[in-house]
Amino acid sequence: MTEQQSLFNYCLRLGDDALVQSYRLSEWCSSAPILEEDLALTNFALDMIGRAQALLSYAGTIEGKGRTDDDLAYKRGERQFYNHLITELPNGDFAFTIARILFISAFEYSYYNALQHSSDATLAAIAAKTIKEIKYHLSHASEWAIRLGNGTDESHGRLQRAINSLWMYTGELFEADEVEASLAKVNICPDAPQLRTNWKHQVESVLNEATVTIPKDEYMQTGSRLGIHTEYLGHILSEMQYLQRAYPEATW
Amino acid sequence: MATDSQLATWEVFIQSKPGANYIHAGSVHASDKQMALQNARDTYTRRGEGTSIWAVPTSEIAASNPDDNDMFFDPANDKMYRMPTFYVMPEGAKAI
């Protein structure tokens, strides 16, 4: 793979992470437990749409074949999507959603902090803008996790179950295949495996305060960076891409 | 009135720019101070409306009773000499 191909693939990874998270968060619109949370979660979705737009447009530029951010979002099949599996899992209950935001935003906080120093000026600029948003996502999810954990038996149990079932999807966040290794060598992307220790400290300090048990590192699910997904991504895309598939090139 | 099952309410005051008065924006539900600020931020400052937020427990607000309006407010209505409108405004004072 040439450096250009690697960079294109890498931008899709980051862009798809944001796009699919945004889709899942949008599903909370009108369904959150309280109005305030409805606004918070859909705000996060809008943050991530902005991030996805920036990254997918940049991917299109790198590729140089005239594809726009919309083309990349609406006209790729499931096997050409590279978002982490954890982003595509169904929302579950509120505790599940909060636990997912906690895990991902704690990861993204370290990751995008490092990406601000990328030798690629566009990625560095996107990261500098995004890091402020992520800081808030992390703060909001941490505060909620602590309150759910210390709330009732019901909320504690739900948070614990969410943590348990999400844990095996967290390993993938810290993988680096040859695409990322080659980009890390020229300081374009952060070295993800190195960030795991920090992430674990951060997550542990929140979960300890939330009085839930941290699962053991056992089997970790993987595959997304090769385009291999859970059964859920296809359903997301069939809804998200419906209009462009049914009425190609439709605009309004 | 139906009982509100969604946590306590907090009154939210937003300052639009440094030095400006805090203006009441509305209320939010929240379990405590920290969450009240976050919920206020998400509910009322999404489009760049503010630079600072106060959140106050609704129960801590002392509010006048509309039944007391006669006693509270009417006596002021017919006394024009209470109004500071007979003075020339100093030049440059805009926010009096």
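Presented here is an overview of the structure given in this document. (Residues numbered from 1 in each chain as written. Chains lettered and ligands numbered in written order. Predicted model: local features only at pLDDT ≥ 70, side-chain atom pairs only at ≥ 80, totals over all residues. Heavy atoms only, no water.)

1. Concerning the overall build of chain B
We count it as follows: Think of it this way: any DSSP run of H or I at least four residues long counts as a helix, any run of E at least two long counts as a strand, and we number them from the N terminus. Here the globule rule reads 2.2 Å times residues to the power 0.38, and the radius of gyration is calculated from C-alpha atoms. Burial classes: relative accessible area under 20% of the type maximum marks a residue as buried, over 50% as exposed, and values in between as partly exposed (1.4 Å probe, protein chains only). Note on contacts: a residue pair qualifies if any of its non-hydrogen atoms lie within 4.5 Å across the two residues. Accessible areas in this description were obtained via Shrake-Rupley with a 1.4 Å probe; residue shielding takes into account the shown protein chains only. Charged residues are defined here as Lys and Arg on the positive side and Asp and Glu on the negative side; His and the ends of the chain fall outside this count. Charged groups are reduced to one reference atom each: NZ for lysine, CZ for arginine, CG for aspartic acid, CD for glutamic acid.
For chain B, the helix and strand inventory stands at two helices and three strands. Reading chain B from its N terminus to its C terminus gives the helix and strand order β-β-α-β-α. Here chain B has a C-alpha radius of gyration of 19 Å; the compact-globule value for 96 residues is 12 Å, and the former is much larger. Overall, chain B is about 50 × 40 × 20 Å in size when its C-alpha atoms are taken along their principal axes. For chain B, the residues scored as buried account for 19% of the 96 residues in total. When contacts within chain B are restricted to residue pairs at least 6 apart in sequence, long-range pairs at least 24 apart make up 42% of them. Surface exposure of chain B reaches about 7500 Å², of which carbon and sulfur atoms provide 56%. Taken as two groups, the 8 positive and 12 negative side-chain charges of chain B have centres that lie 12 Å from each other.

2. Some remarks on the pattern of salt bridges
Residues and elements named next belong to chain A. What counts, and what does not: Throughout this description, the term salt bridge denotes a Lys or Arg side-chain nitrogen within 4 Å of a carboxyl oxygen of Asp or Glu.
Overall, the coordinates contain 18 salt bridges over all chains when judged by the stated rule. Residues Arg-24 and Glu-27 are paired through a salt bridge, measuring 3.0 Å at the closest nitrogen-oxygen approach. Accessibility expressed as a relative area gives 8% for Arg-24, which makes it buried. The exposure class of Glu-27 is partly exposed, given its relative accessible area of 33%. Note that Arg-147 and Glu-143 form a salt bridge whose closest N and O atoms lie 2.7 Å from each other.

3. What to know about the nonpolar core
Residue and element names in this part refer to chain A. For clarity, the threshold we go by: As used here, the term nonpolar core means buried Ala, Val, Leu, Ile, Met, Phe, Trp, Tyr and Cys residues forming a set that is joined through side-chain atoms within 4.5 Å.
Counting 88 residues, the largest nonpolar core has Leu-7, Tyr-10, Phe-103, Tyr-111, Tyr-112, Leu-123 and Leu-159 as its most contacted members. Considering each element in turn, this core owes the most residues, 14 residues, to helix H5 (residues 94-115). If sequence neighbours within four positions are ignored, Leu-7 has contacts with Tyr-58, Ile-62, Asp-120, Leu-123, Leu-183 and Ile-188.

4. Brief notes about the packing of aromatic side chains
Short version of the rule: Under the pairing criterion, centres of Phe, Tyr and Trp rings, with the six-membered ring standing for Trp, must be within 6.5 Å; the plane angle then separates stacked pairs below 30 degrees from edge-to-face pairs above 60, leaving the rest tilted. Think of it as a cone above the ring: NZ of Lys or CZ of Arg counts as a charge over the ring if it is within 6 Å of the ring centre and within 35 degrees of the ring normal.
Applying the stated criterion across every chain yields a total of twelve aromatic pairs over all chains. Residues Phe-94 of chain A and Trp-144 of chain A carry aromatic rings whose centres are separated by 5.1 Å and whose planes lie at 90° to one another, so their mutual orientation is edge-to-face. Of this pair, Phe-94 of chain A sits in helix H5 while Trp-144 of chain A sits in helix H6 (residues 121-149), and the two are 50 residues apart along the sequence. On the accessibility criterion, Phe-94 of chain A (12% relative accessible area) is buried. Residues Phe-107 of chain A and Phe-174 of chain A carry aromatic rings whose centres are separated by 5.3 Å and whose planes lie at 85° to one another, so their mutual orientation is edge-to-face. One end of the pair, Phe-107 of chain A, is in helix H5; the other, Phe-174 of chain A, is in the loop between helix H7 (153-166) and helix H8 (178-185), and 67 residues separate them in sequence. Each residue in the set Phe-103, Phe-107, Tyr-111, Tyr-112, Trp-167, Phe-174 and Trp-199 of chain A is aromatic and connected to the rest through ring pairs, giving one cluster. In this structure, Arg-51 of chain A packs its charged tip against the face of Tyr-112 of chain A, placed 5.0 Å from the ring centre. A cation over an aromatic ring shows up here: Arg-41 of chain B above the ring of Tyr-136 of chain A, its NZ or CZ 3.8 Å from the ring centre.

5. Regarding the packing of helix H1 (residues 3-26) of chain A against helix H2 (residues 35-63) of chain A
Helix-helix packing is characterised by the crossing angle of the two axes and by the distance between the axes. Residues and elements named next belong to chain A. Defined as follows: Under this scheme, a helix contributes an axis fitted over its contacting stretch, all axes are lines through C-alpha atoms, and angles between N-to-C directions fall in the 0 to 180 degree range. By the definition adopted for this analysis, an angle is roughly parallel if under 35 degrees, roughly antiparallel if over 145, roughly perpendicular if from 65 to 115, and oblique otherwise. If you view the pair so one helix is near and one far, a crossing is left-handed when the near helix is turned anticlockwise from the far one by less than a right angle, and right-handed when it is turned clockwise. Residues are grouped as follows: Ala, Val, Leu, Ile, Met, Phe, Trp, Tyr, Cys and Pro are nonpolar; Asp, Glu, Lys and Arg are charged; every other residue, Gly included, is polar.
Where H1 contacts H2, the two axes come as close as 7 Å, and the packing angle between them is 160°. Here H1 lies roughly antiparallel to H2, going by the angle between them. The interaxial crossing formed by H1 with H2 has left-handed handedness. By residue class, the composition of the contact of H1 with H2 is 19 nonpolar, six polar and three charged.

6. Looking at unusual backbone geometry
Residues and elements named next belong to chain A. In this model, Ser-30 sits at a positive phi of 75°, which is unusual for a non-glycine residue. Here Ser-30 lies in the loop between H1 and H2. Overall, Ser-30 belongs to the exposed group, its relative accessible area being 65%. Positive phi values are uncommon outside glycine, yet Asn-187 reaches one of about 60°. Mapped onto the elements, Asn-187 comes out in the loop between H8 and helix H9 (196-209).

7. Section: H7 of chain A
Since there are 3.6 residues in each turn of an α-helix, residues three or four apart along the chain are aligned in direction. Residue and element names in this part refer to chain A. The condition that has to hold: Multiplying one less than the number of residues by 1.5 Å gives the expected span of a helix.
Taking 1.5 Å per residue as the helical rise, H7 with its 14 residues ought to reach 20 Å, and the 20 Å between its terminal C-alpha atoms agrees with that figure. Within H7, burial applies to Ser-155, Gly-157, Leu-159, Gln-160, Ala-162, Ile-163 and Leu-166. At its buried positions, H7 is contacted by helix H4 (85-88), H5, H6 and H9.

8. Comments concerning the packing of H1 of chain A against H5 of chain A
Residue and element names in this part refer to chain A. At a minimum axis distance of 13 Å, the contact between H1 and H5 shows a crossing angle of 150°. In terms of orientation, H1 and H5 fall into the roughly antiparallel class. Read as a crossing pair, H1 and H5 show a hand that is left-handed. Of the residues in H5, those in contact with Tyr-10, Leu-14, Gln-21, Arg-24 and Leu-25 of H1 are Arg-100, Ile-101, Ile-104, Glu-108, Tyr-111, Tyr-112 and Leu-115. Residue composition of the contact of H1 with H5, by class: eight nonpolar, one polar and three charged.

9. Observations concerning the sheet that holds strand S1 (residues 8-15) of chain B
Residue and element names in this part refer to chain B. This is how it is decided: Following DSSP output, two strands are said to pair if at least two bridges run between them.
One open sheet accounts for three strands, arranged S2-S1-S3; its pairing is antiparallel. Every other strand in the sheet has two partners, leaving strand S2 (22-30) and strand S3 (52-57) as the edge strands with one partner each. Between one strand and the next, the sheet's axes are offset by a mean angle of 30°, whatever the strand orientation. Pairing of S1 with S2, which is carried by eight bridges, proceeds in the antiparallel orientation. Opposite Val-12, over in S2, you have Gly-26 as the bridge partner.

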